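Descriptive structure summary
Each chain, letter by letter, is given below.
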Amino acid sequence: MTTAPVSVAGIGAAVRSGEVSAVEVLERHLAAIDAREPDIHAFNLVTADAARATAARVDADVAAGRDPGPLAGVPIALKDNLCTRGVPTTCSSRILEGWRPPYDATVVRRLAAAGAVFVGKTNLDEFAMGSSTENSAFGVTLNPLDTSRVAGGSSGGSAAAVAASFAAASLGSDTGGSIRQPAALCGVVGVKPTYGTVSRYGLVAFASSLDQIGPFTNDVRDASIVLEAISGHDPLDSTSIPRGPVTTTEVLDRGVAGLRVGRIVDLPGGSDPEVEQRLAEAFDALRAAGATIVDVELPSMKFGLTAYYLIAPAEASSNLARYDGVRYGMRVDAPDTNAMYGATRAAGFGDEVKRRIMLGTYALSAGYFDAYYGKALKVRRLIHDDFDRAYAQADVLLTPTSPIVAFPVGAKVDDPLSMYLCDVFTIPTNLAGHPAMSVPFGTGADGLPVGVQVLAPTLGEPVMFQVAAELERAAAR
Amino acid sequence: MSGYTIDGWEIVVGLEVHVELATATKLFSASANRFGDEPNIHIDPVTLGLPGALPVLNRQAVELAMRIGLALECTVQPCTFHRKNYFYPDMPKAYQISQYDQPLNVDGWLELPGGKRIGVERAHLEEDTGKSTHVGGSGGRIHGSDHSLIDFNRAGVPLVEIVGRPDIASPEEAKQYVTELRQILVAVGASDAKMEEGSMRCDANVSVRKPGQPLGTRCEIKNVNSVRSLGRAIEYEARRQIALIESGEKVRQETRHWDETDGHTHTLRTKEDADDYRYFLEPDLVPLAPDAAWIESVRAALPMLPRERRRRLAEATGVPADGEAVMVVVERGQDDYVLAVGAAGGDVARALVHVKEAYAEQGSIPSVPAADLAGMITLETSGRITATQAKTVLSELLSNGGGDAAAIAAAKGFEAMDASSLEALVDEALAAQPAAWAKYCDGEEKAVGAIVGHIMKASKGQADGKAVSAILQARRG
């Protein structure tokens, strides 16, 4: 090989065949980390030594004629809310500082079994609450394409790690857009699979009914390969769908002729004009490739953000109650148990996490439940019904991933509502449990990347990838 | 028990009984469900509520809970799990997974031995907490203690909470309810139901009212650790409430703690400081809908219940079903044995008496083969040995684990006395006790004792008391 492989597909094939060693591949990525990580801060922890040991083992397997698996030697970064046995897992929160999980998340086990090499744990908004990775207790992650800007969030570290070539792929988690939005802002591919496709076992929960793990990669094919490796039924997650891995690689070259692509006529406005322009071009490209564009309505989509900011905090208020200083993580001593809880949680959680815990506790409280949480669940049902009607007319829907391109660090930190609006197009997908992915599609203001979001119905990953691959080809032209 | 009043007040009691299920593993994880081991050895990420861990429902627990429901004549229905949120150090997740508005079993009843039916509102599944030991301070309570130790072996153990309707009208009925419930739970193999070990716990909701009046304000009594305490606590609480009302005060709705040592109930918490549990649907679990085939297979496998067993034994022996002998023998699980003795040719009523009296310490499977006991009873009922001799033979059988009753009787020199020998003994006794005979003939029944005693002494206990009495009665005319 004349040029070193950079893609998941290329590295996996080259390492398996012995053309390139896993150690070589790893060292190239570690060199990139050494060079640029101080300016980007994608990682909470770089696990270089463990990665070198793994890479050497992969090479030994190849030398001995054993197949290390489809991801042989592929350097992968893990969002720091995925449990890694013996390796600190912080959720970018002080409250979990020093905690080392005694077990691996299912996705971590599956990637390891496929031959992957883990390069480190990536930064995130604390407990995945945020859209800019500015809510991290350990500092902001900067956008590799413009380090005065945010990388998006909450999986900002994972998006930046791929964009900066610190890893060939990474995993993030998406509760309301936390994979897709940073993917769009960093110019990479990000996938939120159908709820239940990827096991949540070992993902530190933010909002359990919405959380889903997915990959970041440089291209659509790589995303397909990583998703196949991490998906499929897991008996340890009761919400896991009892079926095999999601296989989409065989549809990538099929084109979109005959497919119906939906345009949401009542899509909430307020996007950058360039973003609107790129979306229009995406529709044009698909039409040119033989797809039919159909208009659909999603009238309840505009209530999605409000419903989300009741449901997600409500679940979070319960999920985060376990951080009480009794068994692990931070403990601030106090004269009695209740005071210890208060002091620990006051010191351990950042402002945004506290804000959402209070919001969620209130929404579930006696006397308010029906008006807030109960009503939000009804909206969730309405959104689901709207999508069902839309998918009776269209195979996929297209929207911008984010209404805006990467914004300057600090621009929105004091305005939570404007930050929340970053997720207006991504949230309805989580409420419905559907898959969606962001594909880079040209640039917007200041030459920053724009992502187009492809949405599909439950288990519609094949058609979603089919369309995403076509958009990728169009964007390259 | 109907008509029970204290100073003209009726009491109304509803019982909430928690039972630990006799499963191999915990409700949501693979750790062993075992009592009495070294602390904190039956733990795992799920039990400890570690970040990222997820619950997986134990099928055996569901099946045992269904057995309880079906034995209590409940309807088994599709159900869901909720989170009950509150902070306590021995509750690892800071929420308990329980069932709320859609429990597994609803609308059943339990029949007391006397025939009265007590309604069962629901019997639902939930997880147990860990066990706290408060060190220092007084009374083993968290308040005022120096520090607390937590054993998580019990955390996540499956419980069924059986919520009875307020149909209980006396302390005695409450005791009968719990005793009967315990027998049912043991019979169906759902639990060992030991109040002293905490595998069965009982809270009592108590209120009082004048006949015909609406229900009074109730208090919930906790920490009742035996059937006897239950009766005492209910009676104390009823009298306390009556005294309050009669002195012009009001009963305050509250949770009260039964103190075994002073025999009083004390305020634990009032309604005002009750927790708001913020129940919401547990997003980490899916709805549980046992299908008809499963329900019917569980129903078909149910053993005969105590009520049925008592009826069967009563019919076979001609003794009342709620009489002491039948109650005791069924509770000990010796009824099958009694019936087997009958089937082997022994008088079944006599077998009931012997088993009740002689087998008290013998556990549920008497060591003497039924045919051997039948042989002994036949010797007795045919008059070949006396009742006193029968006891001697039986104790020989018990210590040998069986044997030929006739051979034992012969070896002991127990010989049936023929009628002429008995008549001769009577002649001799009457001659020796003329005064007693005269009194007896004058109608003083007690006087017969001296004559019978004389005969027994003279025969060295071999005379049959019944036969002697019959001769004496015949001679008196």
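Residues numbered from 1 in each chain as written. Chains lettered and ligands numbered in written order. Predicted model: local features only at pLDDT ≥ 70, side-chain atom pairs only at ≥ 80, totals over all residues.

Focus on the packing of helix α8 (residues 273–288) of chain A against helix α15 (residues 461–476) of chain A
Residues and elements named next belong to chain A.
- Where α8 contacts α15, the axes come no closer than 10 Å and their chain directions differ by 105 degrees. Between α8 and α15, the crossing angle belongs to the class labelled roughly perpendicular. Taking contact as the criterion, the partners of Ala282, Ala285 and Leu286 in α8 are, on α15, Val467, Glu470, Leu471 and Ala474.
- Of the residues that constitute the contact of α8 with α15, the class distribution is six nonpolar, no polar and one charged. (Axes fitted to C-alpha atoms, helices over the stretch in contact; angles between N-to-C directions. Helix = DSSP H or I, 4+ residues; strand = E, 2+ residues; numbered from the N terminus. Parallel < 35°, antiparallel > 145°, perpendicular 65-115°, else oblique. Contact = placed C-beta atoms within 7 Å. Nonpolar A, V, L, I, M, F, W, Y, C, P; charged D, E, K, R; others polar.)

Overview of the interface of chain B and chain A
- Taken together, the contacts link 26 residues of chain B with 33 residues of chain A.
- Each residue belonging to the side of chain B that touches chain A can be placed in one class, and the counts come to 18 nonpolar, three polar and five charged.

Observations regarding the domain arrangement of chain B
- Domains assigned within chain B are domain 1 (10–300), domain 2 (306–411) and domain 3 (419–476).
- One C-alpha centre belongs to domain 1 of chain B, the other to domain 3 of chain B; they are set 62 Å apart. (Domains from an automatic or database assignment.)

A look at the environment of Gly153(A)
Residues and elements named next belong to chain A.
- Its place among the elements puts Gly153 in the loop between β5 (146–150) and α5 (156–163).
- Residues Gly153 and Ser132 lie 21 residues apart in sequence; the distance between their C-alpha atoms is 4.2 Å.
- Beyond its immediate chain neighbours, meaning those up to four positions away, Gly153 contacts Leu124, Asp125, Gly130, Ser131, Ser132, Thr133, Ser178 and Pro182.

Here we look at unusual backbone geometry
- Between Gly153(A) and the following residue, Ser154(A), the backbone shows a cis peptide bond with an omega angle of 10 degrees.
- Counting through the fold element by element, Ser154(A) comes out in the loop between β5 and α5.
- Its identity as a non-glycine residue notwithstanding, Thr133(A) has a phi of 60 degrees, on the positive side.
- Secondary-structure assignment places Thr133(A) in the loop between β3 (117–122) and β4 (142–143).
- In this structure, Glu73(B) is a non-glycine residue whose phi angle is positive, near 60 degrees.
- Considering the arrangement of structural elements, one finds Glu73(B) in the loop between α1 (59–71) and β2 (75–76).

Focus: the sheet that holds strand β14 (residues 280–281) of chain B
All names here are of chain B.
- Taking strand neighbours across the sheet as the criterion, the three strands line up as β4-β3-β14 in an open arrangement whose pairing is antiparallel. Only two strands of the sheet have a single neighbouring strand rather than two, namely β4 (95–98) and β14.
- Summarising the sheet, strand β3 (residues 82–85) and β4 pair through four bridges and their orientation is antiparallel. Residue pairing for β4: Arg83 is matched across the bridge by Ile97. (Pairing = 2+ DSSP bridges.)

Description of the sheet that holds strand β11 (residues 219–224) of chain B
All names here are of chain B.
- Spatially, β2-β5-β6-β9-β1-β10-β11-β12-β13 is the arrangement adopted by the nine strands of the open sheet, whose pairing is mixed. Sheet topology places β2 and β13 (264–270) at the edges, where each strand pairs with a single neighbour.
- Here strand β6 (residues 117–127) runs beside strand β9 (residues 158–164); their pairing, made up of seven bridges, is antiparallel. Bridge pairing links Glu126 to Leu159 in β9.
- On the sheet, helix α3 (residues 227–246) packs against β1 (10–20), β10 (200–209), β11, β12 (254–259) and β13 and is oriented at approximately 25 degrees with respect to β10.

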